[in-house]
Amino acid sequence: MSKVQGPEAHGKISNLYAIWIDGRKHLATPNLAPGKKVYDERIVNAGGTEYRLWNPWRSKLCAAVLKGINFPLESDSRILYLGAATGTTVSHISDMVPDGIIYAVEISPRPVSNLIETARSRKNVIPILADAARPSTYLGMVETVDFIYQDIAQRDQAGIALKNGRTYLRKGGTLVLALKSQSIDSAAKPGRVFEGEAEKLSEEFRIRNRVRLEPHHKYHMMLTADYV
Ligand SMILES: C[S@@+](CC[C@H](N)C(=O)[O-])C[C@H]1O[C@@H](n2cnc3c(N)ncnc32)[C@H](O)[C@@H]1O
């Protein structure tokens, strides 16, 4: 574990619990499971707290935060996470909501086994093996949430977000959606594809922010929207 010193290490980003490390070179989150890594992230110590460096090449949410996207995450937020994979980004959100809960939905059994391993040392992560396109299948397992985070490379990305929003998101809650244009229409210009998805969402959501995630994630845009 390397030690990071200096007041820079304690500057908070907005209301996120992530901090800047090494003079704004890296973002990091306070490790909810001290001594444990989730992927190959670096662990550092700042002011007596252990932090995990958050890698924007591995996490679209981190890339979006670096681009200035901001959303009102609280330490006790309830989150429905769609497309959890092995839990890379789930784990950093888990660090930031120590009193909250993350319902982590993933369709593929192989990454879910890693996710279950991660959840053993993180009591705020509930892994769910399910298809996010069929939200009624996890009705008994998920409560009304404050946030939906979606990162699924499927054709109907806005449609999946809308269905889950109607079922699980509280009024005034926030959708944080990673859109991948290539999975929706690889022949069309990405900007057009993003516009089309935003238009579908705007019937039920008020779009707040959009940022392209290049250079970290090609053909991706992060969108935040309020459920109205
Ligand atoms: C790009 S990866 C997610 C990476 C992850 N969000 C992270 O940052 O650590 C997309 C994931 O979505 C999953 N997925 C695809 N279609 C899905 C569906 N209909 N329901 C749930 N998960 C799905 C894939 O199996 C894959 O693990």
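What you see is a predicted model, and the numbers here were worked out from it, not measured in a lab.

(A) Quick peek at the packing of helix α4 (residues 157-168) against helix α6 (residues 190-201). Where α4 meets α6, the closest approach of the two axes is 9 Å, and the angle between their N-to-C directions is 20°. On the basis of their axis angle, the class for α4 and α6 is roughly parallel. When the axes of α4 and α6 are compared, the crossing they make is right-handed. Each of Q157, A158, A161 and L162 in α4 lies in contact with α6, whose residues at this interface are E197, K200 and L201. Residue composition of the contact of α4 with α6, grouped by class: four nonpolar, one polar and two charged.

(B) Layout of the domain arrangement of the protein chain. Per the domain assignment, the segments of the protein chain are domain 1 (2-54) and domain 2 (60-227). Computed over C-alpha atoms only, the centres of domain 1 and domain 2 are separated by 23 Å. Listed by partner, the interface residues are 19 residues for domain 1 and 21 residues for domain 2. Carbon and sulfur atoms supply 66% of the area that domain 1 and domain 2 bury against each other, a total of about 1800 Å² over both sides. Where R52 meets D95, a salt bridge forms, and the shortest distance between an N and an O atom there is 2.9 Å. The interface formed by domain 1 and domain 2 contains eight residue pairs in polar contact (both at pLDDT 80 or more).

(C) Layout of the site of the ligand. The local shell around the ligand holds 16 residues, among which Y81, T89, E106, D131 and Q154 are the closest. Taking A132, its main chain carries an N or O atom lying 2.8 Å from a nitrogen atom of the ligand. Protein contacts shield 81% of the accessible area of the ligand, which totals 610 Å² for the unbound molecule. Assessed atom by atom at 2 Å from the grid points, the ligand resides in the largest pocket. Its residues placed into classes, the shell around the ligand shows seven nonpolar, five polar and four charged.

(D) Fine view of the packing of aromatic side chains. Evaluated as defined, the whole model comprises three aromatic pairs. Between Y81 and Y149, the aromatic rings sit 4.7 Å apart at their centres with planes inclined by 50°, giving tilted as the arrangement. Note that Y81 is positioned in strand β6 (residues 78-82) and Y149 in strand β9 (residues 145-150), a separation of 68 residues in sequence. Between F205 and Y227 the ring centres are 5.0 Å apart and the planes differ by 40°, which places this aromatic pair in the tilted class. Here F205 is found in strand β11 (residues 205-212), whereas its partner Y227 is found in strand β12 (residues 220-227), with 22 residues between them in sequence. By relative accessible area, Y227 is classed as buried at 9%. Between K171 and the ring centre of Y227, over which it is positioned, the NZ or CZ distance is 4.4 Å.

(E) Highlighting the layout of surface pockets. Of the pockets and cavities examined, the largest pocket occupies roughly 450 Å³. As for the largest pocket, its lining consists of 27 residues, and the residues nearest its centre are G83, A85, E106, D151 and I152. Counting residues per element, the lining of the largest pocket draws most heavily on helix α2 (residues 88-96), which supplies three residues. Along the lines of polarity and charge, the residues of the lining of the largest pocket split into 12 nonpolar, nine polar and six charged.

What counts and what doesn't
Residues numbered from 1 in each chain as written. Predicted model: local features only at pLDDT ≥ 70, side-chain atom pairs only at ≥ 80, totals over all residues. Heavy atoms only, no water. Axes fitted to C-alpha atoms, helices over the stretch in contact; angles between N-to-C directions. Helix = DSSP H or I, 4+ residues; strand = E, 2+ residues; numbered from the N terminus. Parallel < 35°, antiparallel > 145°, perpendicular 65-115°, else oblique. Left-handed = near helix turned anticlockwise from the far one by under 90°. Contact = heavy atoms within 4.5 Å. Nonpolar A, V, L, I, M, F, W, Y, C, P; charged D, E, K, R; others polar. Domains from an automatic or database assignment. Buried area = accessible area lost by both parts, 1.4 Å probe. Salt bridge = Lys/Arg side-chain N within 4 Å of Asp/Glu carboxyl O. Polar contact = N/O pair within 3.5 Å; in protein donor to acceptor, adjacent residues only side chain to side chain. Near = heavy atom within 4 Å. Areas by Shrake-Rupley, 256 points an atom, 1.4 Å probe, with all protein chains shown as cover. 1 Å grid on protein atoms, 1.4 Å probe; cavity = no way out; pocket = protein on both sides within 12 Å on 5 of 7 lines; lining within 4 Å. Sits in = over half its atoms within 2 Å of the grid points. Phe/Tyr/Trp six-rings, centres within 6.5 Å; stacked < 30°, edge-to-face > 60°. Buried < 20%, exposed > 50% of the residue type's maximum accessible area, 1.4 Å probe, protein only. Lys NZ or Arg CZ within 6 Å of the ring centre and 35° of its normal. Points joined across faces, edges and corners; volume = space filled by probe spheres on them.

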